[in-house]
Amino acid sequence: MAASHVLVTGGAGFIGSHTVDRLLDDGHRVTVLDDFSQGSRLNLATRLGLPELVVIAGDVAEPLAPTLAGAVARLGPIERVVHLAAQTSVTRSFEAPLADLRVNAGGTLQVLEYAREHGVRAVAFASSAAVYGDATELPVREDFVPAPLSPYGVHKLASEQYLQSWSAVHGVSTTPLRFFNVYGPRQDPGSPYSGVISLFFARAFANAPLNVDGDGSQTRDMVYVSDVVDAVTRAVFRDDGRGEPINVGTGGQVTVAELARLVVSFAKSNSVITHGPARTGSIVHSRAAVERARELLGFVAQIRVAAGLERTAAWFAAERANTLA
Ligand SMILES: NC(=O)c1ccc[n+]([C@@H]2O[C@H](COP(=O)([O-])OP(=O)(O)OC[C@H]3O[C@@H](n4cnc5c(N)ncnc54)[C@H](O)[C@@H]3O)[C@@H](O)[C@H]2O)c1
């Protein structure tokens, strides 16, 4: 595929920084737009200073043309957008639903308006399995009627529908990707709202108790970050996306209690596992149907949970060694 200028919103974050690595490795020019509310320049440390990379501190929920003008002058017109910037916490979306609306639906509209006005060919968007709510039938298929339980899920669904509209009316190729539970190196355990695996690893490496919500029998489809990046890059280089949502998961499921046990084992930890109350708005069971991803993107997740956890454990161990050195 021809080298392109790709904008990655949220590119200093967990999934974003891995996406930037992949795009640069593939020979593309990349602009990162991130407000650094959650992401960090450290995630891009090995790339900063490259002529093919522009990093901008800015808000995706404000008009983008002025913010991106310098990057366009340097790297040429933006041809494709991976839109990952978001308020990512379900819990916080209940606490501050209007703030979530501004960034998570408003930010998507800003991206789409920029795409329409500046001839961007394709937008790939980080939606979420949260749009399904607590689906009673598994695996969860894209044609299920969405029933989000949280403002976060509602705003992801609204964003998907904006994408469909901009494809139908303005001809932008769009692909909403419904990520299931993503994990891997660089996932920030510093926030109480972070992904369960990074929180577990941080506790396990400190030999502190791992707190499992409820009885731990809830299940998740855990998808490793390199697989997610593979799906994202396939989506952003499509030119015929019509806004149809596509699950990004493995098609497998694992209980949270089992994850806690695996993390303790891979971290070679003495942590005990404790149980707390179940979370408000939390999904009980989750497993992605993966056929549509295979058909439309040629995407099949490659990394099994044990292999992904082993790699993640190695990254946490190296980070810890650096901090202690
Ligand atoms: N990690 C998962 O399991 C998961 C699951 C489903 C969906 N998603 C979605 O994937 C995307 C990436 O998530 P992540 O796990 O990498 O989280 P992350 O917090 O590491 O990345 C989000 C990035 O967006 C940035 N950001 C937040 N608000 C912004 C704003 N107003 N303007 C510009 N930048 C802003 C943050 O600083 C951060 O770098 C998000 O849209 C998230 O909702 C993630």
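Thresholds, definitions, all that
Residues numbered from 1 in each chain as written. Predicted model: local features only at pLDDT ≥ 70, side-chain atom pairs only at ≥ 80, totals over all residues. Helix = DSSP H or I, 4+ residues; strand = E, 2+ residues; numbered from the N terminus. Rg over C-alpha atoms; globule rule 2.2 N^0.38 Å. Contact = placed C-beta atoms within 7 Å. Buried ≥ 20, exposed ≤ 12 C-beta atoms within 10 Å, placed from the backbone. Axes fitted to C-alpha atoms, helices over the stretch in contact; angles between N-to-C directions. Parallel < 35°, antiparallel > 145°, perpendicular 65-115°, else oblique. Left-handed = near helix turned anticlockwise from the far one by under 90°. Pairing = 2+ DSSP bridges. Expected span 1.5 Å × (residues − 1). Near = placed C-beta within 6 Å. Nonpolar A, V, L, I, M, F, W, Y, C, P; charged D, E, K, R; others polar. Core = buried A, V, L, I, M, F, W, Y, C linked by C-beta atoms within 7 Å.

(A) Layout of the overall build of the chain. Within the chain, the regular secondary structure consists of ten helices and 13 strands. For the chain, whose C-alpha radius of gyration is 19 Å, the value lies close to the compact-globule estimate of 20 Å for 325 residues. Structurally, the chain occupies a C-alpha span of about 55 × 50 × 35 Å along its principal axes. Residue pairs in contact within the chain that sit at least 24 positions apart in sequence constitute 78% of those at least 6 positions apart.

(B) Structural detail: the environment of Leu296. Relative to the helices and strands, Leu296 resides in helix 9 (residues 291-297). The exposure class assigned to Leu296 is partly exposed, which follows from the 18 C-beta atoms found within 10 Å. Remark: the alpha-carbon pair of Leu296 and His285, spanning eleven residues in sequence, is separated by 25 Å.

(C) Quick peek at the packing of helix 8 (residues 256-266) against helix 10 (residues 305-324). Where helix 8 meets helix 10, the closest approach of the two axes is 10 Å, and the angle between their N-to-C directions is 45°. Our classification of the angle between helix 8 and helix 10 gives oblique. Note that helix 8 runs across helix 10; the crossing there is right-handed. On helix 10, the residues that touch Leu262, Val263 and Phe266 of helix 8 are Ala306, Leu309, Glu310 and Ala313.

(D) Region of interest: the sheet that holds strand 6 (residues 173-179). Read across the open sheet, the seven strands follow the order 3-2-1-4-5-6-11; overall the sheet is parallel. In the strand order of this sheet, the two ends are held by strand 3 (53-57) and strand 11 (246-248), each with one partner. Strand-to-strand, the axes of this sheet are offset by a mean angle of 20°, without reference to chain direction. Sheet contacts for helix 5 (residues 151-170): strand 5 (122-128) and strand 6; angle to strand 5, the most-contacted strand, approximately 160°.

(E) The arrangement of helix 7 (residues 225-236) in detail. Here helix 7 contains twelve residues, and its C-alpha end-to-end distance of 16 Å stays within 8% of the 16 Å for a straight helix at 1.5 Å per residue. Within helix 7, ten of the twelve residues are buried, leaving the element largely enclosed by the surrounding structure.

(F) View of the site of the ligand. The local shell around the ligand holds 30 residues, among which Gly10, Gly13, Gly39, Ala86 and Ala126 are the closest. Of all the secondary-structure elements, those providing two or more residues to the shell around the ligand are helix 1 (14-25), strand 2 (29-34), helix 4 (97-118), strand 5 and strand 7 (181-183). The leading source of residues in the shell around the ligand is helix 1, at three residues.

(G) How the structure looks around helix 10. Between its first and last C-alpha atoms helix 10 spans 28 Å; for 20 residues at 1.5 Å apiece the expected length is 28 Å, and the two agree. Residues of helix 10 that are buried sit in contact with strand 7, helix 6 (196-205), strand 10 (222-224), strand 12 (254-255) and helix 8.

(H) Spotlight on the packing of helix 1 against helix 7. One way to put it is that helix 1 packs onto helix 7 with a least axis distance of 9 Å and a crossing angle of 65°. Judged by the twist between their axes, the crossing of helix 1 over helix 7 is right-handed. Of the residues in helix 7, those in contact with Phe14, Ile15, His18, Thr19, Arg22 and Leu23 of helix 1 are Val225, Ser226, Val228, Val229, Val232 and Thr233. Residues belonging to the contact of helix 1 with helix 7 are distributed by class as follows: seven nonpolar, four polar and one charged.

(I) Up close: the nonpolar core. Core analysis: the biggest nonpolar cluster contains 97 residues, and Val123, Leu177, Phe200, Val228 and Val263 have the highest contact counts within it. Leu177 has contacts with Ala124, Phe125, Ala126, Ser127, Ala231, Val232, Ala235, Ile246 and Val248, leaving out every residue within four places of it along the chain.

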